[in-house]
Amino acid sequence: MALFYGVTVPDALLQALQDGNLVLFLGAGISKEEPTCLPDFLGLVRDLAKDAHSRYDSKQSLDMNLERLQQNGVDVHTAIAQKMEKPEGCTNAWHHLAASFFAGTEDVRIVTTNFDAMLSFALAGSNVKEYVAPALPLGDDFHGLVYLHGKYTEPDSLIATSGDFAKAYL
């Protein structure tokens, strides 16, 4: 067992990392901490509904709430992109911990559902290959950073609404 930023990491996980068999899957929670302070997906959907003077429906899935906003004339993808845009200096300790987990550029294997670029910033200068939806690598044989649902810098390709998910994955 090893301790990283107060998190106990089991030996098996460290061994998988050493063997090149570890893929980190990171969600929006990693970007909630200061100084990044970005919302998780639920917070994002609530913020967009509020900005559009619409109601958030807790009985519907998050992507369905976004689909409804889109159908009501909200440019959901642009709104998400605007909310996710933060300067490089806004990376937090969790972004840097994730980046430092891997010994070298060729070892990085991270998949994120985040739309923000904080992991890219934390890995800046390391020439890590980035894959941004819909151009994703096949299978588990990849090295780099995968933006599974897109990246704010390419709003037209974001996968956020139920229609986006249907197009991308069905």
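Residues numbered from 1 in each chain as written. Predicted model: local features only at pLDDT ≥ 70, side-chain atom pairs only at ≥ 80, totals over all residues. Heavy atoms only, no water.

**Some thoughts on the overall build of the chain**
Right, so step 1: Scanning the chain from N- to C-terminus turns up 7 helices and 6 strands.
Right, so step 2: Starting at the N terminus and walking to the C terminus, you meet the elements of the chain as β-β-α-β-α-α-α-α-β-α-β-β-α.
Right, so step 3: Structurally, the chain occupies a C-alpha span of about 50 × 35 × 30 Å along its principal axes.
Right, so step 4: Considering the chain as a whole, with its 170 residues, one finds that 42% of them fall into the buried category.
Right, so step 5: The long-range share in the chain, meaning contacts at least 24 apart out of those at least 6 apart in sequence, stands at 59%.
Right, so step 6: Accessible surface for the chain amounts to roughly 9,200 Å². Of this, 53% is attributable to carbon and sulfur atoms. (Helix = DSSP H or I, 4+ residues; strand = E, 2+ residues; numbered from the N terminus. Buried < 20%, exposed > 50% of the residue type's maximum accessible area, 1.4 Å probe, protein only. Contact = heavy atoms within 4.5 Å. Areas by Shrake-Rupley, 256 points an atom, 1.4 Å probe, with all protein chains shown as cover.)

**Section: the nonpolar core**
Right, so step 1: Counting residues in hydrophobic clusters, the biggest one holds 37 residues, and the most contacted among them are Leu24, Leu66, Ile80, Ile110 and Leu119.
Right, so step 2: Contributions of two or more residues to this core are made by strand S3 (24-26), helix H2 (41-51), helix H3 (62-71), helix H4 (76-84), helix H5 (93-100), helix H6 (118-122) and strand S6 (144-147).
Right, so step 3: Apart from the residues lying within four places of it in its own chain, the contact partners of Leu24 are Ala98, Phe101, Phe102, Arg109, Ile110 and Val111.
Right, so step 4: Core analysis: the next-biggest nonpolar cluster, separate from the first, contains 5 residues, Val111, Tyr131, Phe142 and Val146 among them. (Core = buried A, V, L, I, M, F, W, Y, C linked by side-chain atoms within 4.5 Å.)

**Let's talk about the pairing of S6**
Right, so step 1: Across 4 bridges, strand S4 (residues 109-112) lies against S6 in parallel orientation. Opposite Arg109, over in S6, you have Gly144 as the bridge partner.
Right, so step 2: One ladder, built from 3 bridges, connects strand S5 (residues 130-132) with S6; its direction is parallel. When the bridges of S6 are listed, Tyr131 appears paired with Val146. (Pairing = 2+ DSSP bridges.)

**As for the side chain of His149**
Right, so step 1: Assignment of secondary structure puts His149 in the loop between S6 and helix H7 (162-169).
Right, so step 2: Not counting the four nearest positions on each side in its chain, His149 is found in contact with Thr112, Thr113, Phe115, Ala133, Ser157, Leu158, Ile159, Phe165 and Tyr169.

**A look at H2**
Right, so step 1: Taken as a whole, H2 has its buried residues at Gly43, Leu44, Val45, Leu48 and Ala49.
Right, so step 2: On its buried side, H2 packs onto H3 and H4.
Right, so step 3: At the C-terminal side of H2, His53 shows a positive phi close to 55°.

**Brief notes about the side chain of Asn92**
Right, so step 1: Turning to its location among the elements, Asn92 is positioned in the loop between H4 and H5.
Right, so step 2: Residue class for Asn92 comes out buried when judged on its relative accessible area of 2%.
Right, so step 3: A polar contact of 3.4 Å, which involves the side chain of Asn92, links it to the backbone oxygen of Glu33.
Right, so step 4: Reaching out from Asn92, the side chain makes a polar contact with the side chain of Thr36 at a distance of 3.2 Å.
Right, so step 5: Not counting residues within four places of it along the chain, the set of residues in contact with Asn92 comprises Ile30, Ser31, Glu33, Glu34, Pro35 and Thr36. (Polar contact = N/O pair within 3.5 Å; in protein donor to acceptor, adjacent residues only side chain to side chain.)

By themselves these figures say nothing about function.
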